Amino acid sequence: MNDATHIPELVAVVVALLLVAAATKSVTDRFRLPFTVMLVLVGIVLRELGEIGPAMLGFLAEIRVAPEVILFVFLPTLIFESAYNMDTRLLRRNLAPILTLAIPGLMLSTAIIGMLVYACTPLALPAALLLGAILSATDPVAVIALFKQMGAPKRLTILVEGESLFNDATALVAAKILLAVVLAGYFSWESAWSGLGEFLRVFVGGVAVGWVAGLATGWLLGRLNNAPEVEISLTTILAYLSFYLAEHELHVSGVMAVVAAGVVIGGDWGRSKISPPVEGYLDHFWEYTAFVANVLIFLLVGLSVDLAALWGSLVYLPWVVLAMLLSRAAMIYGLMPLVGRLPGSQPVGLAYQTVMFWGGLRGAIALAIALSLPAFPHSELFIPLITGAVLFTLLAQGLSIEKLMRKLGLDRPPLADRLALLARDLAAQELTQQRIPDLLRGGLFAHPIAARLERKCQRNSERIRQAITELRSREMGRHEETMLLYLRTFSEEHAYYQRLFHNGHISEGAYRELVAVLVLQIDAIRYQGQFEHVHTHRLIRQTEQWLYRMIDRMDWNWLAKLGEGMRTRRIVLNYEEVLAHYQANGWVLASIDKLAERESIPAEVAEEVRGRYRRWHEQARTQLDSVGAQFPEFVTAMQERLSQRIGLLAEIDATEAQVEHGLLPPGIGDAQMAEVFRELDKLRTPRRTRLNVDPAELLRKVPFFRQLSQADFAEIEPLLKQHSATESEDIVKQGEPGDSLYLIARGVVRVLRADGENDEDKEHAVGTLLAGDFFGEQALLHGEPRNATCRAVTPCYLYRLQRKDFDELRQRWPSIDAAVQEADRARRA
């Protein structure tokens, strides 16, 4: 339809298909039928009616879908929506089985299908392998929709959906390589190795393109605030531009580019870049666009089914279906047990394997590849064979997967979720009883009806309480009760951190780290059944400290400023996190009795959890007091910003209330709130924060500076380099060479010495240094390695004096040299 005269027809077709989809959705919701499967059946029926029915339906039989439409219009939307909504933490934890199925698994499936089809059909081996690659691409849209309805385990969902995302890319790349072999007319091992190298280039290149595009888009999103049109447009551009650049310009995998881009933006980092008020709009936008793409694809699949051609290929179709099932069984039951034996990999149970085997449906990707194939010997068999295989998976497997899951017991939610559902039902019955007096208050509601409703609610409440009691006695002990209460308190913490972030009280970085730690705790309870308090991201902090030390050793001015900025930012982040932790712990302590009562948690369990939260609360308070004592100016500035934000947020709430009650026109209210949002954005924690410490403080605190005049100190001041240290950072490390002396302006430093060389396990404290103290002079005076480790107990602000400047000071001011020598003799003694 390149001619402009065909545009009205195209619009009419799209409108008609959406109307059919809406009607089908209503029917399937009413009778609880699988929506996508019914769309295919409706498409087949409409095609037949168009051929034999009234003239007004004739155009339906003539609708043909170009493969480019599926690949360049529908596919980026579907892939991005799926990747964006995927749980990235679960994806990382299950990456080994997913990639095993998507790459070596798909190659194994391609080989098995190719060999069996080659033996049972007139297709040559390269063409049979091409058919195997096409039919190895899974499209479990119907299965994922069913999983959501049934509350299937999240790990099972991520395994099925993750495999589909990655193996779509693998199948497309493998099909392109095998098609080149088919068209060349010969096969060699040299071409096979060349094809493998090409596959790796295309796969990894697609990931790189999507990752870079996702980071760039996240950077742009982070600089916007409450701009729904712009933010939604940026994510749409990301989905299509990453696919276009990868597939069309750079000739790498467009599917993998979209997957990588969606995972970057849908993960904790990307979502924290999206303005909180916009996140809900964005979720609804992508949910609807994916719905439209899915309904059009599955209707077009049905409309493209040629029953006559399908009937003509029936002699070969059973062999193709059998090969497809056997290859799927070999993939799942052969590879999954092997992956489960890998270190750190969680085994995939037999029930999960069975659902993954039977739930490996085929769909639009396979048909799009088939429709794009050029002519070659027996190519006319591809479309009917692939269409028949797709229909078999949709009708036979798609309609029976629900029964299989129920038989395997995978329709039953986890214990915590079952208790939550029962608690919800009980709360609904109690709320209904509380509202009955409101019905009677007007005097128009019949008392007998109200009495029957109250008795019904009482019976239901008693039945639900009995069910909760039986479930607890059957499946819960003291440990499970404790874990359940922790799960509820962590959920309260999570919600509290979200409110703080959405109101702008904590920065994006602090929010990300707080939530990441909390999610690790929640996952440990959900999937391992045990509490695991994660204090910090040890690997991240260790990497940061290593980076700081590398920057210090390079001794480049611009790099030193960068390192100083990174340290300061870490101190600010730590303060924000501790403050949020303190506030959230206080909120939980105030709510814990209500949570325990709602879940019927025993009093001794509630007291145990309360005791731990009290300890966390006190620890956070101690840390806050320490930072407040060391950097009062910084804390005052933070609190000033917070007080201003609270006032502006109250202004937004008042404006929304006036608009809701009709006291203020919506246009004026929106303009007022837009202005307030701009003011709020200015009051966020700045990305670059300075810990303002006056170097003149050293005159009062450092003993060997007290004898200097203001004029003398003014000469020394330019030689002093600012140096921040985060809590627990090693400022100097035992055994390393030293070329600087450090003077403490603010903070507390612990001096530690190890008994053996590089034996950190046997470190013991030999002293504590406070503001006004100095350290590191022995390495400068004697040319020796550092004889102790100096570790920041609190965030510290120091001044660093390098060797050449230190030697100059000793020569010009003998009093400084004498004071340093005296301190050195005392410490060495």
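Residues numbered from 1 in each chain as written. Predicted model: local features only at pLDDT ≥ 70, side-chain atom pairs only at ≥ 80, totals over all residues. Heavy atoms only, no water.

### Things to note about the overall build of the chain
Where we set the bar: Here a strand is any run of E in DSSP of at least two residues, a helix any run of H or I of at least four, and the numbering for each starts at the N terminus. Categorising residues by exposure relies on relative accessible area from a 1.4 Å probe, with only protein chains included: less than 20% of the type maximum marks a residue as buried, more than 50% marks it as exposed, and the intermediate range marks it as partly exposed. Per-residue and other accessible areas were derived by the Shrake-Rupley procedure at a 1.4 Å probe size, with only the shown protein chains allowed to occlude residues.
Regarding its fold elements, the chain presents 34 helices and 8 strands. The proportion of buried residues among the 829 residues of the chain is 49%. For the chain, the exposed area adds up to about 40,200 Å²; of that, 60% sits on carbon and sulfur atoms.

### Some thoughts on the packing of helix α9 (residues 154–184) against helix α17 (residues 350–358)
Rules: An axis is simply a line fitted to the C-alpha atoms; with a helix, the fit covers only the stretch in contact. Between two such axes, the angle follows the N-to-C directions and lies from 0 to 180 degrees. Helix crossings fall into two classes, left-handed where the near helix is turned counterclockwise from the far one by less than a right angle and right-handed where it is turned clockwise. Contacts are assigned to residue pairs that have any heavy atoms within 4.5 Å of one another.
Relative orientation of the contacting elements α9 and α17 amounts to 35 degrees, with a least axis distance of 11 Å. The two elements α9 and α17 meet at a crossing, and its hand is right-handed. Contacts between α9 and α17 involve Arg155, Leu156, Leu159 and Val160 from the former and Tyr352, Val355 and Met356 from the latter.

### Observations concerning a positive patch on the surface
The cut-off we apply is this: Nonpolar side chains (Val, Leu, Ile, Met, Phe, Trp, Tyr) within 5 Å and like charges within 9 Å form the patches, drawn only from residues with over 30% relative accessible area and no salt bridge. We count a salt bridge whenever a side-chain nitrogen from Lys or Arg sits within 4 Å of a carboxyl oxygen from Asp or Glu. Charged residues are defined narrowly, with Lys and Arg counted positive, Asp and Glu counted negative, and His plus the chain ends left uncounted. Charge placement uses NZ in Lys and CZ in Arg. For Asp and Glu, CG and CD serve respectively.
A contiguous patch of positive charge, built from Arg452, Arg455, Lys456 and Arg459, is present on the exposed surface. Position of Lys456 relative to the elements: it lies in helix α22 (residues 447–475). On the basis of relative accessibility, which here comes to 46%, the residue Lys456 falls in the partly exposed class.

### With respect to the pattern of salt bridges
Scanning all chains against the criterion turns up 20 salt bridges. Here Lys25 and Asp29 are joined by a salt bridge, their closest N and O atoms 3.5 Å apart. Residue Lys25 and its partner Asp29 are both found in helix α1 (residues 7–31); the two are separated by 4 residues, about one turn of the helix. Put simply, Lys176 and Glu247 hold a salt bridge, and the shortest N to O gap is 2.5 Å. Of this pair, Lys176 sits in helix α9 while Glu247 sits in helix α11 (residues 228–249), and the two are 71 residues apart along the sequence. When salt bridges with common partners are traced through the structure, they connect Asp593, Glu607, Arg610 and Arg614 into a single cluster.

### Some words on the environment of Ala216
Mapped onto the secondary structure, Ala216 falls in helix α10 (residues 189–222). Remark: the alpha-carbon pair of Ala216 and Leu238, spanning 22 residues in sequence, is separated by 9.3 Å.

### Overview of the environment of Phe392
Along the polypeptide, Phe392 turns up in helix α19 (residues 382–397). With residues near it in sequence (within four places) discarded, Phe392 still touches Val321, Met324, Leu325 and Gln397.

### Digging into the sheet that holds strand β8 (residues 796–802)
The condition is simple: A pair of strands is considered paired only if DSSP assigns at least 2 bridges between the two.
Pairing in this open sheet of 4 strands is antiparallel, and the strands run β1-β8-β3-β6 from one edge to the other. The strands lining the two open edges of the sheet, one partner per strand, are β1 (721–725) and β6 (774–775). Across 6 bridges, strand β3 (residues 740–746) lies against β8 in antiparallel orientation. Considered in β8, the bridge of Ile744 is made with Leu798. Across the sheet, helix α33 (residues 803–812) lies against β1, β3 and β8, angled at about 75 degrees from β8, the strand it touches most.

In short, shape yes, function no, at least from these values alone.
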